[in-house]
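# Residue-level structure breakdown
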Amino acid sequence: LTIKIQGDGPIGGLTVTADSKGRVKGYVFNPEVMLPPNEKGKLDVGGALGVGVLSVIKDIGLKEPYVGQTILVSGEIAEDLTYYYATSEQTPSSVALGVLMNKDNTVRQAGGFQLMPGAEEAVIDKLEKKLGEISSVTALMDVGNTPETILEYVLGEFGLEILDKIPASFYCNCEKQRVAKALISIGRKELQEMIDEGKEIEVNCHFCNKNYAFSVDELKELLELARRD
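In short, a report on the structure. (Residues numbered from 1 in each chain as written. Predicted model: local features only at pLDDT ≥ 70, side-chain atom pairs only at ≥ 80, totals over all residues. Heavy atoms only, no water.)

A few words on unusual backbone geometry. Although it is not a glycine, N105 adopts a positive phi angle of roughly 70°. With respect to the element layout, N105 can be found in the loop between strand 6 (94-101) and strand 7 (107-115). A relative accessible area of 42% means that N105 is categorised as partly exposed. A positive phi angle is found at N209, which is not glycine, with a value near 70°. Its place among the elements puts N209 in the loop between strand 9 (201-204) and strand 10 (211-214). Relative accessible area serves as the criterion here: at 58%, N209 is assigned to the exposed category. (Helix = DSSP H or I, 4+ residues; strand = E, 2+ residues; numbered from the N terminus. Buried < 20%, exposed > 50% of the residue type's maximum accessible area, 1.4 Å probe, protein only.)

Okay, the sheet that holds strand 3 (residues 23-28) next. Strands sit in the order 5-4-1-2-3-8 across an open sheet of six strands; the sheet is mixed. Either end of the sheet is taken by a strand with one partner, and the two such strands are strand 5 (66-71) and strand 8 (169-170). Sitting on the sheet, helix 2 (residues 77-87) is in contact with strand 1 (2-7), strand 2 (13-18), strand 4 (52-58) and strand 5, with an inclination near 115° to strand 5. (Pairing = 2+ DSSP bridges. Contact = heavy atoms within 4.5 Å. Axes fitted to C-alpha atoms, helices over the stretch in contact; angles between N-to-C directions.)

Counted under the stated rule, the structure contains three aromatic pairs. On the numbers, 6.0 Å between centres and 35° between planes, the contact of Y27 with F29 is tilted. Of the residues examined, Y27 reaches a relative accessible area of 23% and is grouped as partly exposed. Judged by centre distance (5.0 Å) and plane angle (85°), the rings of Y27 and F207 are edge-to-face. (Phe/Tyr/Trp six-rings, centres within 6.5 Å; stacked < 30°, edge-to-face > 60°.)

Moving on: the pairing of strand 3. Regular strands place their side chains on alternate faces of the sheet. Examined bridge by bridge, strand 2 and strand 3 share five bridges and lie antiparallel to one another. Looking at the pairing, A18 lines up with V24 of strand 3. In this structure, the hairpin formed by strand 2 and strand 3 is closed by a connection of four residues, where G22 is found at a positive phi of approximately 80°. Of the strand pairs in this sheet, strand 3 and strand 8 are connected by two bridges, and their pairing is parallel. Paired with V24 across the bridge in strand 8 is F170.

A cluster of like negative charges, contributed by E190, E193, D196 and E197, occupies part of the molecular surface. Inspection of the secondary structure puts E190 in helix 7 (residues 188-197). Look at E190 and you get partly exposed, because its relative accessible area is 34%. (Patch = residues over 30% accessible without salt bridge, like charges linked within 9 Å, V, L, I, M, F, W, Y side chains within 5 Å. Areas by Shrake-Rupley, 256 points an atom, 1.4 Å probe, with all protein chains shown as cover. Salt bridge = Lys/Arg side-chain N within 4 Å of Asp/Glu carboxyl O. Lys, Arg positive; Asp, Glu negative; His and termini not counted. Charge placed at Lys NZ, Arg CZ, Asp CG, Glu CD.)

As a further point, take the packing of helix 3 (residues 121-131) against helix 5 (residues 147-155). Running from N to C, helix 3 and helix 5 point in directions that differ by 120°, and their axes come no closer than 9 Å. The orientation of helix 3 with respect to helix 5, classified from their angle, is oblique. Across the interface between the two elements, L127, K130 and L131 from helix 3 touch Y153, V154 and L155 from helix 5. (Parallel < 35°, antiparallel > 145°, perpendicular 65-115°, else oblique.)

Once that is clear, we can look at a nonpolar patch on the surface. A contiguous nonpolar surface patch, about 250 Å² in accessible area, is contributed by L43, V99 and V107. Along the chain, V107 turns up in strand 7.

Following this line, the structure appears as structure tokens:
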């Protein structure tokens, strides 16, 4: 699953991708952007992203991935995902996300939940009342609650049963061979121009910031492979 957001705000946009094992990687286009808190005293995500488009790309093993798009309604990602479900997939849902930051601009807590499609109206009404009693997911986590205890608090009266747990983690699958294929894909003309400059080039992975160096001789080998294709 990949989510891409492109906006006219100072941050430019972001890309996040995750696999079925809970391994996640992502980056924002302009990570140096710093904005004052919004009127609620929280991260001004909407102000950073501005007006734009949200794209959801699902690879479910078919020949081509499914791609859905909607406009950004607020720039607040949870609200935009809720809007995406309603408009692009015609599926009523609700998404809540939160990030609690330290004063040194590092992440202190992060969490979220989604009301899955298909819930009965009576259940939704009870959940809305219960969720109205809590300030945020990250506030509950910050005082020592775990995802399990939060679920028990919100859903306990419905006979909560946890079926599975998948740990989420940052994981980048970049490697030099994959970067080499990307270089080949840019075209023979561009590769030749790099070779003509006579200098080693360095390619940076946006997701993990790892750098891959390619000597002139390695570029010549890639050019030869590009010619064969």
